[in-house]
There are 2 protein chains.
Amino acid sequence: MDIRTLCLGILSLGEATGYEIKKMVTEGRFSFFSEASFGSIYPALTQMTGEGLVACRTEAQGNRPDKKVYSLTDAGRAYLEEQLAEAPRPDRNRSDFLAALLFAEAVSPERIEDLIIERVSLHDEQIALLKAHLKDEQGTVSRFVLEYGLAMQQAARRFLAENRARLTAQPDKRTG
Amino acid sequence: MDIRTLCLGILSLGEATGYEIKKMVTEGRFSFFSEASFGSIYPALTQMTGEGLVACRTEAQGNRPDKKVYSLTDAGRAYLEEQLAEAPRPDRNRSDFLAALLFAEAVSPERIEDLIIERVSLHDEQIALLKAHLKDEQGTVSRFVLEYGLAMQQAARRFLAENRARLTAQPDKRTG
DNA sequence: GAACACATGTAAGAAGTTACATGATTAT
DNA sequence: ATAATCATGTAACTTCTTACATGTGTTC
């Protein structure tokens, strides 16, 4: 999903500034399955304002730079709908972790155990975070999404915990 | 994981040509968690040959362009080890599917059911593929990686199947 | 005879990140 | 006083994909 669609999607849930969008994708409800930087968000919003996909209302506020509050237009809503309808190419399961595991075997097998341990605690962090977010979340779909994330993290953690022994059981080091 | 590291990693498992690497990442054992195009693989290999990270042996073959068989050098192995040791930043769980679900709620709620159905059959495809690959795979770590992928696909499918009703139970459409 | 597998490579362009520029306010 | 939060924006750069260029042999 490109930044434009992501921004439109977020705006479909309510108006927001570029700054707020950034916060949502890095810390908020969207941080679990997306990412974006200022350098892509601001230009995207400016561009889409020019195209009439979003509307921009400026709120003056004393000292700080004026707030630019964006909202979805009808054209933007239609465009978003088009984007979401497009061939949903499968999310690539890109995983540096799995690649690292596979390559570690050839290069530094003694690191495999570390990799798995690190990974398990990473899952624990994510699980805690997701549970915290779940407490605040009311929307049916939003909760579904968080619970989906939670289920995945738990499944991964469980698999690693249960199967770790197979990889880390060191081949007997005694000679003969 | 950038293309360079990916290529080095694949070469750590045995020598290969650029063409073969491309096949492995698009159809083969690596297709489940990585991707790369010719336009990135070939330049990466040429560059790394210049840097001494890989060695290149040319195999003439009649009519076709000469095969360039690459293999990892000691420097390359060391470099790869460094890369794998680096702060394992968490695989981002970027998911267009989840984003689409969330946004569909606001824009075309009637599509939510379709999205989930499409997704479930996508998981079924992946599960079948992974099982097929598992039959041929002998290496302990390789099997582990495939089984991990399988477990994730199955967990996702199960979650969707079990929880689908919560989202697709249409709010009663009768008036009054 | 059309399309695909083999085999390498380049150039143009997309899409994004990082780092900078600016500057007040508030918390530690 | 030092850092973080708020708030926007731009320019340089990285990284990768897409599409092209070239050509044979094999399969449908």
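Described below are features of the structure shown in this document. Sequence order as written defines residue numbering, which begins from 1 separately in each chain. Chains carry letters from A onward and ligands carry numbers from 1 onward, assigned in written order. This being a predicted model, a pLDDT of at least 70 is required before a residue's local features are given, and a value of 80 or more before pairs of side-chain atoms are given or counted; all residues contribute to the totals for chains, interfaces and linings. Values reported for side chains reflect all heavy atoms of the structure, with hydrogen atoms and water molecules removed beforehand.

### Focus on the side chain of K22(B)
Residues and elements named next belong to chain B.
Thinking step 1. On the secondary structure map, K22 appears in helix α2 (residues 18–26).
Thinking step 2. Buried and unpaired, K22 has E27 as its nearest opposite-charge partner, separated by 7.5 Å.
Thinking step 3. Contact criterion: two residues are considered in contact whenever any of their non-hydrogen atoms come within 4.5 Å of each other. The contacts of K22, once residues within four sequence positions are left out, are A36, S37, F38 and I41. Comment: elements are numbered from the N terminus, with helices defined as DSSP H or I runs of at least four residues and strands as E runs of at least two. Relative accessible area decides the class of each residue, using a 1.4 Å probe on protein chains only: under 20% of the type maximum gives buried, over 50% gives exposed, and in between gives partly exposed. In this charge count, Lys and Arg are treated as positive and Asp and Glu as negative; neither His nor the chain ends contribute. Salt bridge, as applied in this entry: a Lys or Arg side-chain nitrogen positioned within 4 Å of an Asp or Glu carboxyl oxygen.

### Topic: the packing of helix α1 (residues 3–12) of chain A against helix α5 (residues 96–107) of chain B
Thinking step 1. In this analysis, axes come from line fits to C-alpha atoms, helices being fitted only over the stretch in contact, and the angle between any two N-to-C directions falls in the range 0 to 180 degrees. In the contact formed by α1(A) and α5(B), the axes pass within 9 Å of each other and the chain directions differ by 50 degrees. Between α1(A) and α5(B), the angle falls in the class oblique. The crossing of α1(A) and α5(B) is left-handed. For the pair formed by α1(A) and α5(B), the contact residues are T5(A), L6(A), G9(A), I10(A) and S12(A) on the first element and F103(B), A106(B) and V107(B) on the second.
Thinking step 2. Three classes are used, and their members are as follows: Ala, Val, Leu, Ile, Met, Phe, Trp, Tyr, Cys and Pro are nonpolar, Asp, Glu, Lys and Arg are charged, and the others, Gly among them, are polar. Each residue belonging to the contact of α1(A) with α5(B) can be placed in one class, and the counts come to five nonpolar, three polar and no charged. An angle below 35 degrees is read as roughly parallel, one above 145 as roughly antiparallel, one from 65 to 115 as roughly perpendicular, and any other as oblique. If you view the pair so one helix is near and one far, a crossing is left-handed when the near helix is turned anticlockwise from the far one by less than a right angle, and right-handed when it is turned clockwise.

### A short note on the relation of the copies chain A and chain B
Thinking step 1. Superposing chain A onto chain B requires a rotation of 180 degrees together with a translation of 0.0 Å along the rotation axis, leaving an RMSD of 0.0 Å. In symmetry terms, the pair is related by a two-fold rotation axis.
Thinking step 2. Take the interface residues of chain A: 100% of them recur as interface residues in chain B, which is what a same-surface contact looks like. Alignment of copies: least-squares fit on C-alpha atoms of residues with pLDDT of at least 70 in both copies.

### Looking at the interface of chain A and chain B
Thinking step 1. Between chain A and chain B, the contact holds 67 residues from the first and 67 residues from the second.
Thinking step 2. Buried area: the accessible area, evaluated with a 1.4 Å probe, that two parts lose upon being put together, summed over both parts. Buried area between chain A and chain B, summed over both chains or domains, comes out near 6,400 Å², and the portion from carbon and sulfur atoms is 63%.
Thinking step 3. Per-residue buried area on chain A facing chain B is highest for F103(A), F144(A) and Y148(A); these three make up 12% of the total on that side.
Thinking step 4. Across the chain A-chain B interface, the total number found is four salt bridges.
Thinking step 5. Think of a polar contact as two N or O atoms within 3.5 Å of one another; within protein, one of them needs to be a possible hydrogen donor and the other a possible acceptor, and neighboring residues in sequence only count if both atoms come from side chains. At the junction of chain A and chain B, the tally comes to 14 residue pairs in polar contact (both at pLDDT 80 or more).
Thinking step 6. Only α1, α4 (74–85), α5 (96–107), α6 (112–136) and α7 (140–168) of chain A provide two or more residues apiece to the side of chain A that touches chain B.
Thinking step 7. A per-element tally of the side of chain A that touches chain B places α7(A) first, with 19 residues.

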